[in-house]
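So the chains spell out like this:
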Amino acid sequence: MRTIVITGAGSGIGRATAIAFVAAGWDVALLGRRAETLEETARLAGGGRVVVADVTDPAQIETAFDAAAAHTGRIDCLFNNAGRGAPMATIDEMPLSDWQAVLDVNLTGAVLCARAAFARMRRQDPQGGRIINNGSISAHAPRPGSVPYTVTKHAITGLTRCLALDGRPFDIACGQIDIGNALTDMAARFTQGVPQADGSVRPEPVMDVAHVARAVLHMAELPLSANVLFMTVMATKMPFVGRG
C-alpha cells in the first residue's frame, strides 16, 4: 500500500483529493490544523489517518511526517495543498499582517512540508517518491488586488522546478497542478461575482472539485520514470486565456 500525505485535508481540494485517494486504495495521512475537520474528511472518505499539525511550524511538521510514515514505513507522495488567501487590496493598502500570514502558509508551509517529504523519500528503501505542489492559475496571471496570493503561487512554481531538478539523483519526482475555479467553499463567491481586470464585477464559471482530485490521482499514480511537471485544470469557460 502506498502512503500519501495531503496537507490542508480538512476542506476543499484537500478533502476531495483525500476521498479520491482512499477510494483508490492509498494509505492517506490527513494533515491539517483542526482535528474536527480532518475527522469529518476521514468519515466522508471512509478512511484516512488524522495527523494534526500546523504547516508553518517546523517541529510539528517533522513529528507529523514521522507519524504519517508510521503505518507503511514510507512516504510515497506529498500533495502540498494547504493554502490561504487574503482580502483584495492594492499593495499600499495591504496590511503587512495579511502578507505575512499568506507567506507563512502558502510558501514557508509548502517548503517545510516538501523538505520533510524529500528527506524521508531520500532515506527510504526503495528510495524515491513524488511531491505534487498545488499552484494556481494565479501562478500565471493575477487577479486584481492579489499581491500576497499571487506572489506566493509564482514562488511555488520556482519550488516545483527546483525540486524536480534536485530530486533526480534520488528518484524523487515533483510536479505542480494549477487549478482554476474548482467549486469549493472558498471559490463559491466566483458564482456571485468576481472583480475583473477591466474594473467590472462578473460571475465566473466553476467546475466540480472532483475533477481536480482525479487529476492529482493521475499524477500520483504515474511510475517515477514519468512526471507531469505542470498541469492546468480549469473551468473551461473561466476568464484565464486572455485575462485582462
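Now for a quick tour of the structure. Note that the structure is a prediction, hence the values are computed from the model and not measured.

What follows covers helix α1 (residues 12–23). Helix length check: α1 (12 residues) gives 17 Å between terminal C-alpha atoms against 16 Å at 1.5 Å per residue, within 8%. Counting buried positions over the 12 residues of α1 gives 9, a clear majority of the element. All of the buried residues in α1 are Ile13, Gly14, Arg15, Ala16, Thr17, Ala18, Ala20, Phe21 and Val22. With its phi angle positive at about 90°, Gly25 sits one or two positions after the end of α1.

A word on the pattern of salt bridges. Pairing of side chains with opposite charge becomes possible as their charged atoms draw close. For the coordinates displayed, the defined rule picks out 8 salt bridges. One salt bridge connects Arg2 with Glu221, and the closest N-O pair in it is separated by 3.4 Å. Here Arg2 is found in the segment before β1 (3–7), whereas its partner Glu221 is found in the loop between α6 (209–220) and β11 (230–234), with 219 residues between them in sequence. The partner of Arg143 in a salt bridge is Glu204, and the shortest N-O contact between them spans 2.8 Å.

A few words now on the pairing of strand β2 (residues 27–32). Buried residues dominate β2, accounting for 6 of its 6 residues. In β2, alternate side chains face the same way, and those of Asp27, Ala29 and Leu31 on one face and Val28, Leu30 and Gly32 on the other are all buried. Across 4 bridges, the pairing between β2 and strand β3 (residues 49–52) is parallel. Considered in β3, the bridge of Ala29 is made with Arg49.

Take the packing of aromatic side chains next. Tallied over the full model, the rule gives 2 aromatic pairs. Arranged with centres 5.1 Å apart and planes meeting at 80°, the rings of Phe21 and Trp26 form a pair that is edge-to-face. Given a relative accessible area of 0%, Phe21 falls into the buried group. Summarising the aromatic geometry, the rings of Phe118 and Phe170 are spaced 5.9 Å apart at their centres and angled 80° between planes, so their arrangement reads as edge-to-face.

Let's shift gears to the layout of surface pockets. By volume, the second largest pocket amounts to about 210 Å³. Around the second largest pocket, the lining residues are Arg161, Ala164, Leu165, Arg168, Asp171, Ile172, Ala173, Cys174, Leu224, Ala226, Asn227 and Leu229. Elements with a minimum of two residues in the lining of the second largest pocket: α5 (147–166) and β6 (172–180). Looking at side-chain class alone, the lining of the second largest pocket contains 8 nonpolar, 1 polar and 3 charged residues.

The next subject is the side chain of Asn81. Topologically, Asn81 is positioned in the loop between β4 (77–80) and α4 (96–123). Setting aside its immediate chain neighbours within four residues, Asn81 contacts Thr7, Gly8, Ile13, Gly14 and Asn134.

In this section: the nonpolar core. Of all hydrophobic cores here, the largest spans 38 residues; its most connected members are Val28 and Ile177. Elements with a minimum of two residues in this core: β1, α1, β2, α2 (35–45), β4, β6, α6 and β11. The element best represented in this core is α6, accounting for 8 residues. Excluding residues within four positions of it along the chain, Ile177 makes contact with Phe79, Ile132, Asn133, Asn134, Gly135, Ser136, Val212, Ala215, Val216, Met219, Met231 and Val233.

Let us look at empty space enclosed by the protein. Within the structure shown, the criterion is met by 2 cavities of 30 Å³ or more. If you add up the space inside the largest cavity, you get close to 50 Å³. Residue lining of the largest cavity: Asn80, Asn81, Ala82, Asn106, Ala110, Asn133, Asn134, Lys153 and Ile156, and that is the complete set. Those elements giving two or more residues to the lining of the largest cavity turn out to be α4, β5 (129–134) and α5. The volume enclosed by the second largest cavity comes to roughly 40 Å³.

Moving on, we get to the sheet that holds β4. The strands that make up a sheet are held in pairs by hydrogen bonds between backbone atoms, and each pair lies either parallel or antiparallel. Strand order in this open sheet of 7 strands is β3-β2-β1-β4-β5-β6-β11, and the pairing throughout is parallel. Of all the strands in the sheet, just β3 and β11 have a single pairing partner and so form its edges. Neighbouring strand axes in the sheet, compared pairwise and without regard to direction, differ in orientation by 20° on average. In terms of strand pairing, β5 meets β6 through 6 bridges, oriented parallel. Across the sheet, the residue bridging to Gly129 is Ile172, located in β6. Where helix α3 (residues 58–69) meets the sheet, it contacts β1, β2, β3 and β4, and its direction lies at approximately 160° from that of β2.

Thresholds applied
Residues numbered from 1 in each chain as written. Predicted model: local features only at pLDDT ≥ 70, side-chain atom pairs only at ≥ 80, totals over all residues. Heavy atoms only, no water. Helix = DSSP H or I, 4+ residues; strand = E, 2+ residues; numbered from the N terminus. Expected span 1.5 Å × (residues − 1). Buried < 20%, exposed > 50% of the residue type's maximum accessible area, 1.4 Å probe, protein only. Salt bridge = Lys/Arg side-chain N within 4 Å of Asp/Glu carboxyl O. Pairing = 2+ DSSP bridges. Phe/Tyr/Trp six-rings, centres within 6.5 Å; stacked < 30°, edge-to-face > 60°. 1 Å grid on protein atoms, 1.4 Å probe; cavity = no way out; pocket = protein on both sides within 12 Å on 5 of 7 lines; lining within 4 Å. Points joined across faces, edges and corners; volume = space filled by probe spheres on them. Nonpolar A, V, L, I, M, F, W, Y, C, P; charged D, E, K, R; others polar. Contact = heavy atoms within 4.5 Å. Core = buried A, V, L, I, M, F, W, Y, C linked by side-chain atoms within 4.5 Å. Axes fitted to C-alpha atoms, helices over the stretch in contact; angles between N-to-C directions.

By themselves these figures say nothing about function.
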